[in-house]
Amino acid sequence: MTSSEIPGGTAFAAEAALQPRRRRSFTVARVVRGAAPYLLILPVVVTIAAILGYPLYHLARLSFQKYGLFELIAHHGTSVGWANYSSVLHDPVFWHVLVRTIVFTVANVALTMGIGTLIALLLTKVSSFVRVLLTGGLVLAWAMPPVVAVQVWLWMTNYENGVLNYVLTKLHVGDYFQHDWYATPFSQLSLATSLIVWGAIPFVVVTVYAGLSQVPPELVEAAEIDGARAWRVFKDVTMPIVKPIFLILTSLSIIWDFGVFTQPYLLIDQTRINSSNELMGIYLFEEGYLKTDFGRGAAISILMLLIVALLSVVYVRKMVRMGDEAA
């Protein structure tokens, strides 16, 4: 008996013939749907690769060469293999500077995120007028160029007529007449930290406040009605919602603070910079530029890039794991 002899056989055969085609269409649609996010970010990835790819390639190639002042004039370096990396990794100064920079970075990031979050929480509690005033002041501080900010800090901490010594003496905090704030490496780096944190707080405050404004108020009210304290409300209600923002800000702060150069180099008198107060940015500048050893400087740059990537990945994964455990 043929399909034409079966009632509805012709329709059944047509339907069976369409099944493979529908299955293929469904599979193609699912593949396209899965690839859509990657296709959307493809232009950005290509643009970033075009802008950063060649400089990174040239920097990596330079790190395997002897490239000094003579080679710079001749526009041709001499291949030395891993000698630059070996020289850096066997330099005890490099390891001392690295440990100091990591501690410096952790202190800066912790202070920036902590103070910035507290001010952002404050903005959610004050009136609109006060919020506008605080935001305007933060934006003005954020807009100040680092070089200008360094000059203001130097004037405030001047040895002879600095306003900081005058105010502390007048408030009877102690005798700060002609007190030298740059006498020890710790005080020098502390002043650099205060300047860096002051300049970074506005960005953190504005970003965190934008995230806090997205927290549903009914969730906060429900937690408060249940008797949860403020810190518990922040931990259990607010933090899970704004956690992605904290992760991004922390990663950016690590990147910025680990390679900071302008503030500590200009704030600390160049005659006082030595192995006891050097940071990675200053160490790279002195080894690569002042000593005109560009190959060694390129090797230090690549190592800094790898260290920053490692610090960022480890910290973000730890934060994500802590957030999952808390949830």
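Below is a short write-up of the structure. (Residues numbered from 1 in each chain as written. Predicted model: local features only at pLDDT ≥ 70, side-chain atom pairs only at ≥ 80, totals over all residues. Heavy atoms only, no water.)

Some details on the packing of helix 5 (residues 128-143) against helix 8 (residues 185-212)
For the pair helix 5 and helix 8, the least separation of the axes is 8 Å and the interaxial angle reads 135°. By the angle between their directions, the pair helix 5 and helix 8 is classed as oblique. Two packed elements cross with a definite hand, and for helix 5 against helix 8 that hand is left-handed. From helix 5, Arg 131, Leu 138, Ala 141 and Trp 142 reach across to helix 8, where they touch Trp 198, Gly 199, Ile 201, Pro 202, Phe 203, Val 205 and Tyr 209. (Axes fitted to C-alpha atoms, helices over the stretch in contact; angles between N-to-C directions. Helix = DSSP H or I, 4+ residues; strand = E, 2+ residues; numbered from the N terminus. Parallel < 35°, antiparallel > 145°, perpendicular 65-115°, else oblique. Left-handed = near helix turned anticlockwise from the far one by under 90°. Contact = heavy atoms within 4.5 Å.)

Brief notes about the packing of aromatic side chains
The final tally for this structure, using the stated rule, is 13 aromatic pairs. Consider the rings of Tyr 176 and Trp 181, whose centres lie 5.7 Å apart with planes at 5°: the pair is stacked. Across the pair, exposure class does not vary: Tyr 176 and Trp 181 are buried alike. Ring geometry for Phe 261 versus Tyr 265: centroids 4.8 Å apart, planes at 20°, classification stacked. Taking relative accessible area as the criterion, Tyr 265 reaches 12% and is therefore assigned buried. One aromatic cluster is present, formed by Phe 261, Tyr 265, Phe 285 and Tyr 289 through successive ring pairs. (Phe/Tyr/Trp six-rings, centres within 6.5 Å; stacked < 30°, edge-to-face > 60°. Buried < 20%, exposed > 50% of the residue type's maximum accessible area, 1.4 Å probe, protein only.)

Notes on the side chain of Arg 100
By the secondary structure assignment, Arg 100 is in helix 4 (residues 92-123). With near-sequence residues (within four places) excluded, Arg 100 lies in contact with Leu 189, Ser 275, Ser 276, Asn 277, Glu 278 and Leu 279.

Concerning unusual backbone geometry
With phi around 60°, His 172 is a residue other than glycine that occupies positive phi space. Given the relative accessible area of 72%, His 172 is considered exposed. At Thr 292, a residue that is not glycine, the phi angle is positive and equals roughly 50°.

Re the layout of surface pockets
Put simply, the largest pocket is a space of about 480 Å³. Leu 121, Thr 124, Lys 125, Val 220 and Thr 238 are the residues nearest the centre of the largest pocket, which is lined by 15 residues in total. Put simply, the parts of the chain that give the lining of the largest pocket at least two residues each are helix 9 (217-225) and helix 10 (230-258). The leading source of residues in the lining of the largest pocket is helix 10, at 5 residues. Of the pockets and cavities examined, the second largest pocket occupies roughly 340 Å³. In this structure, the second largest pocket is lined by 17 residues; those nearest its centre are Pro 146, Ile 196, Gly 199, Ala 200 and Gln 263. Where the lining of the second largest pocket is concerned, the elements lending two or more residues are helix 5, helix 6 (146-156), helix 8 and helix 10. The greatest single-element share of the lining of the second largest pocket, amounting to 6 residues, is contributed by helix 8. A class-by-class count of the residues in the lining of the second largest pocket yields 14 nonpolar, 2 polar and 1 charged. (1 Å grid on protein atoms, 1.4 Å probe; cavity = no way out; pocket = protein on both sides within 12 Å on 5 of 7 lines; lining within 4 Å. Points joined across faces, edges and corners; volume = space filled by probe spheres on them. Nonpolar A, V, L, I, M, F, W, Y, C, P; charged D, E, K, R; others polar.)

Here we look at the pattern of salt bridges
All told, the structure shown has 4 salt bridges when counted by the stated rule. Across the salt bridge formed by Arg 296 and Asp 91, the nearest N and O atoms sit 3.1 Å from each other. Of the two residues, Arg 296 is situated in helix 13 (residues 294-326) and Asp 91 in the loop between helix 3 (83-89) and helix 4; the sequence distance between them amounts to 205 residues. Grouping residues by exposure puts Arg 296 and Asp 91 together as buried. As a salt-bridge pair, Arg 296 and Glu 287 come within 3.0 Å of each other at their nearest N and O atoms. Taken together, the shared-partner salt bridges connect Asp 91, Glu 287, Lys 291 and Arg 296 into one network. (Salt bridge = Lys/Arg side-chain N within 4 Å of Asp/Glu carboxyl O.)

A look at the side chain of Ser 251
Relative to the helices and strands, Ser 251 resides in helix 10. Here Ser 251 falls in the buried class, since its relative accessible area comes to 17%. Of the polar contacts made by the side chain of Ser 251, one reaches the backbone oxygen of Leu 247; its length is 2.9 Å. (Polar contact = N/O pair within 3.5 Å; in protein donor to acceptor, adjacent residues only side chain to side chain.)

Quick notes on a nonpolar patch on the surface
A surface patch of nonpolar side chains, about 560 Å² in accessible area, is lined by Val 44, Ile 48, Ile 51, Leu 52, Leu 56 and Leu 305. The element that contributes the greatest number of residues to the nonpolar patch is helix 1 (residues 9-62), accounting for 5 residues. Relative to the elements of secondary structure, Leu 56 occurs in helix 1. The class of Leu 56 is partly exposed, set by a relative accessible area of 41%. (Patch = residues over 30% accessible without salt bridge, like charges linked within 9 Å, V, L, I, M, F, W, Y side chains within 5 Å. Areas by Shrake-Rupley, 256 points an atom, 1.4 Å probe, with all protein chains shown as cover.)

Focus: helix 4
Compared with the 46 Å implied by 1.5 Å per residue over 32 residues, the 46 Å span of helix 4 between its first and last C-alpha is a close match. Where helix 4 begins, the capping side chain belongs to Asp 91, and its oxygen is found 3.1 Å from the backbone nitrogen of Val 93. (Expected span 1.5 Å × (residues − 1).)

Quick notes on the environment of Thr 157
Locating Thr 157 in the fold gives a position in the loop between helix 6 and helix 7 (163-170). For Thr 157, a relative accessible area of 5% gives the class buried. Placed 22 residues apart in sequence, Thr 157 and His 179 show a C-alpha to C-alpha distance of 8.7 Å. Not counting residues up to four positions away in its chain, the partners in contact with Thr 157 are Leu 164, Trp 181, Tyr 182 and Leu 191.

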